[in-house]
Amino acid sequence: MKDEILSAKLNTLIGLFNVNVALADEVPDFVKGLSAKDQAALREEYLDHLENDRLNEEAFNLATSCTARSREMAQIFFEKVFKYAFEEGEEPEVTQYWNR
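Quantities reported herein were computed from a predicted structural model and do not represent experimental measurements. Per chain, residues are indexed from 1 in the order of the written sequence. Where local features are concerned, this predicted model is filtered to residues with pLDDT of at least 70; where side-chain atom pairs are given and counted, the filter is 80 or more; whole-chain, interface and lining totals use all residues. Side-chain numbers come from the whole structure's heavy atoms, not from hydrogens or water.

A. Structural detail: unusual backbone geometry. Positive phi, normally seen in glycine, also occurs at Ala22, with a value near 50°. Under the scheme used here, helices are H or I runs from DSSP no shorter than 4 residues and strands are E runs no shorter than 2 residues, and both carry numbers assigned from the N terminus. By the element assignment, Ala22 lies in the loop between helix 1 (8-15) and helix 2 (27-32).

What follows is the structure, given as structure tokens:
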């Protein structure tokens, strides 16, 4: 993750899940507020990071300010965030994926 740079839009999207700000319910509005071109670019960037295993435990920690229960749980979390942001999926609860 240190070598990979996320765009400001992707950082904002996943950063809405930070437990210190708790703004995850604003993800759909954030995405819908982008132009169609920016939505497509953000979706493509997000998929690229998912497919290349760059949204991992470190990314989970940076996005949520929490430690993921495992690498697999971090990946599942980011897959669910993708579905929530782009496919009208359910809002994922950070607490289901963190190590407490």
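B. Broad picture of a negative patch on the surface. Nonpolar side chains (Val, Leu, Ile, Met, Phe, Trp, Tyr) are joined into patches within 5 Å and like charges within 9 Å, using only residues with over 30% relative accessible area and no salt bridge. The accessible surface values rely on the Shrake-Rupley method and a 1.4 Å probe; as for residues, cover is taken only from the protein chains in view. For this document, the term salt bridge refers to a Lys or Arg side-chain nitrogen within 4 Å of an Asp or Glu carboxyl oxygen. Asp and Glu count as negative and Lys and Arg as positive, but His and the ends of the chain are not part of the count. Think of each charge as sitting on NZ of Lys, CZ of Arg, CG of Asp or CD of Glu. A contiguous patch of negative charge on the surface is contributed by Asp25, Glu26, Asp29, Glu91 and Glu93. By secondary structure assignment, the location of Glu93 is in the segment after helix 5 (71-86). The rule is simple: take the accessible area with a 1.4 Å probe, protein chains only, and divide by the maximum for that residue type; under 20% is buried, over 50% is exposed, in between is partly exposed. Residue classification places Glu93 among the partly exposed positions, given a relative accessible area of 42%.

C. Representation of the packing of helix 4 (residues 57-64) against helix 5. Working convention: axes come from line fits to C-alpha atoms, limited for helices to the stretch in contact. Angles between N-to-C directions cover 0 to 180 degrees. Where helix 4 contacts helix 5, the axes come no closer than 8 Å and their chain directions differ by 60°. With respect to each other, helix 4 and helix 5 are oriented oblique. Seen from above, helix 4 lies across helix 5 with left-handed handedness. Taking contact as the criterion, the partners of Glu57, Ala59, Phe60, Ala63 and Thr64 in helix 4 are, on helix 5, Arg71, Ala74, Phe77 and Phe78. Ten residue types, Ala, Val, Leu, Ile, Met, Phe, Trp, Tyr, Cys and Pro, are classed as nonpolar, four, Asp, Glu, Lys and Arg, as charged, and the remainder, Gly among them, as polar. Partitioning the contact of helix 4 with helix 5 into residue classes produces 6 nonpolar, 1 polar and 2 charged. To sort the angles, those under 35 degrees are grouped as roughly parallel, those over 145 as roughly antiparallel, those from 65 to 115 as roughly perpendicular, and the leftovers as oblique. Crossings are classed by handedness, with left-handed meaning an anticlockwise turn of the near helix from the far one by less than a right angle and right-handed meaning a clockwise turn. Contacts between residues were defined by any pair of non-hydrogen atoms, one from each residue, lying within 4.5 Å.

D. Geometry of the packing of aromatic side chains. Side-chain rings of Phe, Tyr and Trp (the six-membered ring for Trp) are treated as a pair once their centres are within 6.5 Å; stacked means planes under 30 degrees apart, edge-to-face means over 60, and tilted covers the remaining angles. Applying the stated rule across the entire model yields 9 aromatic pairs. Judged by centre distance (5.4 Å) and plane angle (55°), the ring pair of Tyr46 and Phe82 falls under tilted. Residue Tyr46 is located in helix 3 (residues 36-51), and its partner Phe82 is located in helix 5; the two are separated by 36 residues in the primary sequence. Taking the relative accessible area as the measure of exposure, Tyr46 reaches 0% and is therefore buried. On the basis of an interplanar angle of 40° and a centroid distance of 5.0 Å, the ring pair of Phe82 and Phe86 is categorised as tilted. Here the residue Phe82 and the residue Phe86 both occupy positions in helix 5, the gap between them amounting to 4 residues, near one helical turn. Aromatic ring contacts, followed pair by pair, group Phe17, Phe60, Phe77, Phe78, Tyr84 and Tyr97 into a single cluster.

E. Representation of helix 4 in the model. Taken residue by residue, helix 4 has Ala59, Phe60, Ala63 and Thr64 as its buried positions. One face of helix 4 carries all of its buried residues, which in axial projection span an arc of 110°. Where helix 4 is buried, its residues contact helix 1 and helix 5. One side-chain oxygen at the N-terminal end of helix 4 lies 3.1 Å from the backbone nitrogen of Glu58; it belongs to Asn56. The directions considered for the arc run from the helix axis to the C-beta atoms. Identification of polar contacts relies on pairs of N or O atoms within 3.5 Å, with a donor-acceptor requirement for protein atoms, meaning one able to donate a hydrogen and the other able to accept it, and with residues adjacent in sequence counted only if both atoms are side-chain atoms.

F. A look at the pattern of salt bridges. In this structure the tally under the stated criterion is 5 salt bridges. Between Asp38 and Lys9 there is a salt bridge, and its shortest N-O distance comes to 4.0 Å. One end of the pair, Asp38, is in helix 3; the other, Lys9, is in helix 1, and 29 residues separate them in sequence. A salt bridge links Arg71 to Glu57; its shortest N-O distance comes to 3.7 Å. With Arg71 in helix 5 and Glu57 in helix 4, the pair connects residues that are 14 residues apart, well separated along the chain. A cluster of three or more residues bridged by salt bridges with shared partners is formed by Asp53, Glu57 and Arg71.

These results come straight from atomic positions and should not be treated as a statement about function.
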